[in-house]
Each structure stands twice: as C-alpha cells, then as structure tokens.
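Working through the structure, step by step
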Amino acid sequence: MRQKKRVQSFDGLKGLAIMAVVAYHLFPSIIPGGFFMVNTFLVIGGFFFARNIEKVQPVKASIQWKAIGKYLLHTIERLFIPLLWLLLFIVVGLYILYPTELRHIQSDIFSGLFFVNNIYQIVTDQSYFVQMSDASPFTHLWYNAIHLQSVLIATGIILLLQRLKLSIPSKGIIWLFIVLLSHVAILFLYTPGEDPTRVYYGIETRFASFAIGVAAAYITPTILNLFYNSRIKLFVYNLIAILSAGGMIWIVFTQSDQNEATYLLWMSVFNVLSMLLVFSITVGAPTVTSWLSLKPLHLIGKRSYSYYLWYYPIIVFYLAFYRELGENITVVNVLSLITLAIVGEVFYRIIESGGVRIWFGSSFNFKEDAEDIGHMIDQRKFFQPKLFIFIAYVALMVLFVRGLIYSADNKRVSLFELEYQAFQTKPNLLNTAYPLSEPIIQVEEDLDQVDDTFETVFVNELEVEDPVETLQNIYFEQETLSAELQELIAENQEVFDEFEDLNPIVFDELTPQELLFATEVPVTFFGDSIALHFTPKVDEIFWNGNIYGQGSLQLWDANDNLRDMVRDGEVQENLVVVLGTNAGLDQEGMDELMSIAGEERNVFFVNTNSRVMHIQNVNDTIKDTAEKYPNAYEVDWYSYQQGNPDWYTEDEVHHTPKGMEHFAVIVTQTMFEHLPEETIEEIE
C-alpha cells in the first residue's frame, strides 16, 4: 500500500507539473513561473531512468548490452509512438483542411519527428518566449528532444562509469559534479538583457535537470542508510518535503521568464528543489505523499504526456480564431482547456496507454504484428475491428506521407510584409527596390506604359470627384466656423493638404488643433517591431518626433537600450512606449523603465490587442503603471481597435497601413488630452 502511494505521488507530481506548464501559457499573469515545472519532468525522468538502468545493469557486472538495448528501445517507443500519432493527426488534418499551413512548417515537423527540435530552434534563432507571426503547433516538441537526448547521453555516461566499477555513492558524487558543470554552463551561456532561449533549449544547460534526477537515484540509498536508525528521520524527511514543495510553489508563482535571476539562480535552485521533492516521495514523507497521491492529481499525472503533446497545438489553433471569438482571450483559454481535457483523455486511452491495438502503430513489436496478420489470413477472419482500424491507419499514413512531401519552409506572407516594411524604414540612398518586389515593379511599369498609350486604367487611377473631399470643402466654408479656426486653417493650409494626401484617415479623425499638435509635439517612439514599422508614419505625422524600433524587443532588454538613448540625449520630453507584443510585462521592469525615463518626461504606454496569449498581463500591467505614476499614461489601443480586424496584417499582430494611421490617431489624441494645457500652448 505504501509503495502504491509513492508511485501515485510521482504521478501526482507530474499532474501538478503539466497543470503548471499549461497555466503558464494560458494564465501567465497568475502563474508566471509555470515553465519551471518542465525541470521537474526531467528530474523525474532522470530518477526513474537511473533506477531502471541499474536493474538491467547490476553493479560491477559486465555490461548487459542486450538488456540495455531493450530498455532504451522501450524508452524511445514510449516517447515516439504518441509523438508520431500527434504529428500524423495534425499533418493529415492540415493537409485536408488547411494545406497552405504545411508550406511553412516542414522543418518543425521533421525536427520534432527526429527529436532535434531544440537544436533546430537554436540554429534558426527562434525564441520560446516570443510569440510572433509564425507560431508553430510544434514549438513545444523541444522537450521531447531534450528528454531523449538526455537519455542517450546519460546511457553513455552510465556505461562509462560501469567500466570503472564504481560504487553507488561514488556514482552519485560524479553525477552531482555533472550537474554542477551543466549549471555553470548556464552562467556562461546566459547574457543578461538578451533573449534566454539559447539557455532554455540547449542540451548542455537542460541536462542538469535530468542529471540531478539520476544523482538522486544514486544518493537516496546512501541517505537512507545514514538515517536508518535515527529517531528524527521522519522529521527530517518531512522538513525536506515541506521546504522543497514550498520553495517550488513560491518560485512558480513569483518568478517569471523575464527575470535575470531566473537563469542566473532559480533554474538551478528549482532543479535542486525538484530533486529533494523526488527524494521525499521516495522515502514516503507523508507531508507530500498524502496530497500528491490524491486521485485527481494521480489521474492527470498518468495522462501528462498526452496533455503535454496536445496543449500547445490546441492553444495555437484557438489563438488563430482570436478575432472570430470576439477578441476575448478568456474564451480562448476556456475552449483550450475543455478541448485539451477531451482530446488528451481520448488520446491517452487509445494511443498512449495502448487501449486500442493498431498493427505497426502501437509499438515497435512489428514481428508480433506481422504474425497476428498472418494468423488472421490463415484463418480467413477478415471481418474484425483490428483489420478495419489497420486499414484506416494505412490511409492516414498515406495522407501523412503526402502531407510531408507537400510541406515546405516557405516564408509566410505576413513575414514577407514585415521584412518589406522593415526594408522601407531603412535608409536607402540609392532608392533601390526590395529585391523580391522587382518583378512586380517591372509589370507595373509595363502596364503604366499601356495606360499612357491606350488611355486605360490598369495602373493609373481613374480620376473621379471625391465626395468626402467635397463635403469637407463644404464643411470648411460653413459660417459656423469660428474666425480663429478659419484663420488657423488658412495659415496652415499646406500642412492640412499634406495630411490629406498622405494620411487621409488621420486628416479625417483629428481636429485641426490636433493635427498641428502632432506636427509640433516633441516625441520619441520606443518599442518592438510594431514601433519599427511605424517609422514612416512618424516621418509623415510627427515632424518633431524620432523613433527606435527593434524586432522581437522585450522588456528584459528594452530598458538597457532606453538607458543608452537617454544617456545620448535621444529621448525627447514625451515618450511613447510600444512593448508587450513579444512577451509579457512585469511591474519591476516597468518601474525600472519609469526610473530611466525620469520624472521630467511624460511616458505613454500603448496597450495591445495583438493576437498573443499574454494580452491580459500586458494591459493590466500598463494600467497599473499609469495609475502608479503621475507622468505615466495609458494609450488604450485595445478598446479603440475593437471590431476592426482589418487594422491588423495576416499575423494579427502587426498593423496594416490603415491600422498605422488609426494608431497615430489614438496616440495623438491621448497625448493631446493628457498633456498639461500650458505644454500644449507652448507647442502651438
């Protein structure tokens, strides 16, 4: 009974881990450190790997190659079969319903299938923490790769130690040294102020979690022997359990992926705490086994691999319908959870647990499958469920292969648009065209010649009277206009004409006073790729403005950039901050940003309605900051944009030209509303 409770407690711990990981993606403001629990999965994996490998490889015995090979094959089978079916279902589904998506994710599929997803994402410089326009349903498969890579590396080390014929305690010490080396690698590879993905995906840094689990398996017998006759052993075990569980909970709820301390300290600490908790479960400390063995946690833990495989594709799926779901992230979260519960349960029962036997699709025991088929043929028993299931499996596999052949790594249209906009914002003294657009320009030039020759309108616009312009002219001629406003318009007619030509939406939405205010206000725009691609509008609308935009910029490296700009005198007295698209915000980082900006500057934070999971976290943090500081203001783009999906590009993150104009409108109106009257008078 006690042994059963310990086993159920391990399942319960895995249940807590998968819930924390899913919550990190769905509710990042509540569980900002849920991603730490991936370490716990690896620690548990390392612990049971060492225990099982020692069973098939007795101490000081010759290497049992056959037994070890069988164990490794079984481990790969448990990881690969469910993974294969995940890829099969998604690829076939996309091939039938949305084949265009397959043209962009070929490398994601194959890197996941062959357990090198983490290496692929490092090589292609992809970020786990940045939600950009090319979200893949297979991003999370880096964990599968890390797990199998850890198993293979650990096997090699164990075989080496076996040749040295070391004792169990000696092996434990060596494994602790390996853990230390891996933790040191984190300190060398992590650069404060930069994206930590290299540390997060690297096998040399993540191996520490698996290795410390292996170390726990070797150290536990020694500790049990030390405390065998001790009267306080139960007290010590319970104390370790309480401190380790409490420390893990504290880290999960308080630390985020943006804190430098997360990588310099807490990743390593969390590994140690996970190891101590695994030890506490092993020795049966009732302070943890009593609640970790609860049936709900136990059942969720048994299904944790199925839930892990499906949670990210499901979130990506519903996030794609963010606009159609009323731009309500809560609806996305609820639907994701419900779907995950259903799909995960069905997948576990049929695929992971082998509830339905599928020839050549449930295990690597192909010989037994072939014999079973041969037995069916010999007895002519063709009308049985297994045959029909096999036929369906073959059909799915054919479609899967066709989907793989059809797949490619083409650049998404949204990314092409972003690169084109980035090209437009860079200095271009020779006025050269964007390379990929040269054929289009040539066609346009040819059609322009046709228009000139035959008076057609393939390219040239048909000149018709603009009814809006006519109404505006009537409006300006009305005697109801005050003499002061008429004089203002007359004095700045060239300005208004330029706005009307270049930015008609801005011209229509802003009052004459607001238009002139925009041209005169000293303002610096600072932010991520949204700010970067807003550069042309700054030149056209905010004549006394300047801008700094950087793709994938996040709060953890933005503050250093802003500090440099302030030091160099590049930040004006009004600062518009556009951050939070790529990752969430935290109050500590916002406080630092306000400190860098200084009390003499007015800081306007633009909230977001981009299709990202952390939208609530970003907008709440901005609102809290605006309420906390007298010189901080919220630009409510979220509310202003509601009901206008055409203001976003295909990726539903960045703005279309129309969206950029409206973005300029709400920023201008907010600054005009909140800046002190005497400041506006000085500007005017």
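Scroll up for the structure.
Residues numbered from 1 in each chain as written. Predicted model: local features only at pLDDT ≥ 70, side-chain atom pairs only at ≥ 80, totals over all residues. Heavy atoms only, no water.

1. So, the overall build of the protein
Condition: Here a strand is any run of E in DSSP of at least two residues, a helix any run of H or I of at least four, and the numbering for each starts at the N terminus. Partly exposed residues are those whose accessible area sits between 20% and 50% of the maximum for their type, while under 20% is buried and over 50% is exposed, using a 1.4 Å probe and protein chains only. Contacts are assigned to residue pairs with any non-hydrogen atoms lying within 4.5 Å of each other. Here the Shrake-Rupley method, with its probe set to 1.4 Å, supplies the accessible areas, and only the displayed protein chains count as covering residues.
Broken down by element type, the protein carries 33 helices and five strands. Scored against the burial criterion, the 684 residues of the protein give a buried share of 52%. Long-range pairs, those at least 24 residues apart, make up 75% of the contacts in the protein with a sequence separation of at least 6. Of the roughly 32,300 Å² that the protein leaves accessible, carbon and sulfur atoms contribute 61%.

2. A closer look at the packing of aromatic side chains
The following threshold applies: Each Phe, Tyr or Trp ring, with Trp reduced to its six-membered ring, pairs with another whose centre is within 6.5 Å; inter-plane angles below 30 degrees give stacked pairs, above 60 give edge-to-face pairs, and intermediate values give tilted ones. Charge-over-ring contacts are defined here by two conditions on Lys NZ or Arg CZ: a distance within 6 Å of the ring centre and an angle within 35 degrees of the ring normal.
A complete count under the given rule lists 48 aromatic pairs for this structure. Each ring, one from F35 and one from F36, has its centre 4.6 Å from the other, and the planes form 25°; the classification is stacked. This pair shows no difference in class: F35 is buried, exactly as F36 is. On the numbers, 4.9 Å between centres and 25° between planes, the contact of F604 with Y633 is stacked. Separated by 29 residues along the polypeptide, F604 in strand 4 (residues 602–606) and Y633 in strand 5 (residues 632–635) bring together distant segments of the chain. One aromatic cluster is present, formed by Y24, F35, F36, F41, W142, Y143, Y200, Y201, F270, Y308, Y311 and Y312 through successive ring pairs. Above the ring of Y406, the side-chain terminus of R103 is found at 4.7 Å from the ring centroid.

3. Concerning helix 28 (residues 555–567)
Operational definition: Each residue after the first adds 1.5 Å to the expected span of a helix.
Taking 1.5 Å of rise per residue, the 13 residues of helix 28 would be expected to cover 18 Å, and the 18 Å separating its terminal C-alpha atoms lies within 8% of that figure. For helix 28, the complete set of buried residues consists of L555, W556, D557, A558, N559, L562 and M565. Contacts made by the buried residues of helix 28 are with strand 1 (523–527), strand 2 (545–549), strand 3 (574–578) and helix 29 (587–597). Just downstream of helix 28, G569 is the residue with a positive phi angle, here 75°.

4. A short note on the pairing of strand 5
Which entries qualify depends on this criterion: Here, strands pair whenever DSSP counts at least two bridges between them. Orient the strands so they point away from the viewer; a crossover is then right-handed if the path from the first strand over the helix to the second runs clockwise.
Pairing of strand 4 with strand 5, which is carried by four bridges, proceeds in the parallel orientation. Within the sheet, the bridge partner assigned to F604 lies in strand 5 and is Y633. In this fold, strand 4 hands off to helix 30 (residues 615–628), which returns the chain to strand 5; that crossover is right-handed.

5. Some remarks on the pairing of strand 4
By the criterion of burial, strand 4 is predominantly enclosed, with five of the five residues buried. Covered by surrounding structure in strand 4 are N602, F604 and V606 together with V603 and F605, the residues of both alternating faces. Summarising the sheet, strand 3 and strand 4 pair through four bridges and their orientation is parallel. The residue of strand 4 that forms the bridge with V577 is F605. As for the winding sense of the linkage, the β-α-β connection from strand 3 through helix 29 to strand 4 is right-handed.

6. Quick word on the sheet that holds strand 4
Put simply, the rule reads: Fitting a line to C-alpha atoms yields each axis, with helices limited to the stretch in contact; the angle taken between N-to-C directions then spans 0 to 180 degrees.
Strand order across the open sheet formed by five strands is 2-1-3-4-5, with parallel pairing between neighbours. Bordering the open sheet on either side are strand 2 and strand 5, each of which pairs with just one other strand. Pairwise comparison of adjacent strand axes, ignoring direction, gives a mean angle of 20° for this sheet. Pairing analysis gives five bridges linking strand 1 to strand 2, with the strands arranged parallel. Pairing of T524 across the sheet is with N546, part of strand 2. Along the sheet, helix 29 makes contact with strand 3, strand 4 and strand 5, crossing strand 4 at roughly 145°.

7. Looking at the nonpolar core
Worth spelling out the cut-off: Think of a nonpolar core as a cluster: buried Ala, Val, Leu, Ile, Met, Phe, Trp, Tyr and Cys residues, connected wherever their side-chain atoms sit within 4.5 Å.
The biggest cluster of nonpolar side chains holds 127 residues, and the ones touching the most others in it are F49 and W175. Residue contributions to this core peak at 17 residues, all from helix 3 (residues 65–97).

8. Thoughts on the pattern of salt bridges
Filter applied, for reference: Within this document, salt bridges are pairs made up of a side-chain nitrogen of Lys or Arg and a carboxyl oxygen of Asp or Glu, the two lying within 4 Å of each other.
One pass over the full model with this rule turns up 19 salt bridges. Between D560 and R563 there is a salt bridge, with the nearest N and O atoms lying 2.8 Å from each other. Highlighted residues: D560 and R563, both in helix 28, separated by three residues, approximately one helical turn. As a salt-bridge pair, R567 and D564 come within 3.3 Å of each other at their nearest N and O atoms. Residue R567 and its partner D564 are located together in helix 28, separated by three residues, close to a single helical turn. You can call R567 exposed: its relative accessible area is 60%.

9. Topic: empty space enclosed by the protein
The condition is simple: Grid spacing is 1 Å over the protein atoms alone, the probe is 1.4 Å, and a cavity is where that probe fits but cannot get out, while a pocket is an open set with protein on both sides within 12 Å along at least five of seven lines and lining residues have an atom within 4 Å of a point. Grid points are joined across faces, edges and corners, and a volume is the space filled by probe spheres set on the points. Polar here means any residue outside two lists: the nonpolar Ala, Val, Leu, Ile, Met, Phe, Trp, Tyr, Cys and Pro, and the charged Asp, Glu, Lys and Arg; Gly therefore counts as polar.
One pass over the full model with this rule turns up four cavities of 30 Å³ or more. The space that makes up the largest cavity amounts to roughly 70 Å³. In terms of lining residues, the largest cavity is bounded by 14 residues, among which I530, V578, T581, N607 and T608 are the most central. Here the residues of the lining of the largest cavity sort into seven nonpolar, seven polar and no charged.

10. Observations regarding the side chain of S306
Selection rule: Throughout this description, a polar contact denotes any pair of N or O atoms lying within 3.5 Å of each other; where both atoms belong to protein, one of them has to be capable of donating a hydrogen while the other can accept it, and for residues adjacent in sequence the pair is counted only when both atoms sit in side chains.
Counting through the fold element by element, S306 comes out in helix 15 (residues 304–319). Among the residues examined, S306 registers a relative accessible area of 1% and is labelled buried. Within the structure, the side chain of S306 is placed 2.4 Å from the side chain of E352, a separation counted as a polar contact. Excluding its chain neighbours within four sequence positions, the residues that come into contact with S306 are G344, F347, Y348 and E352.

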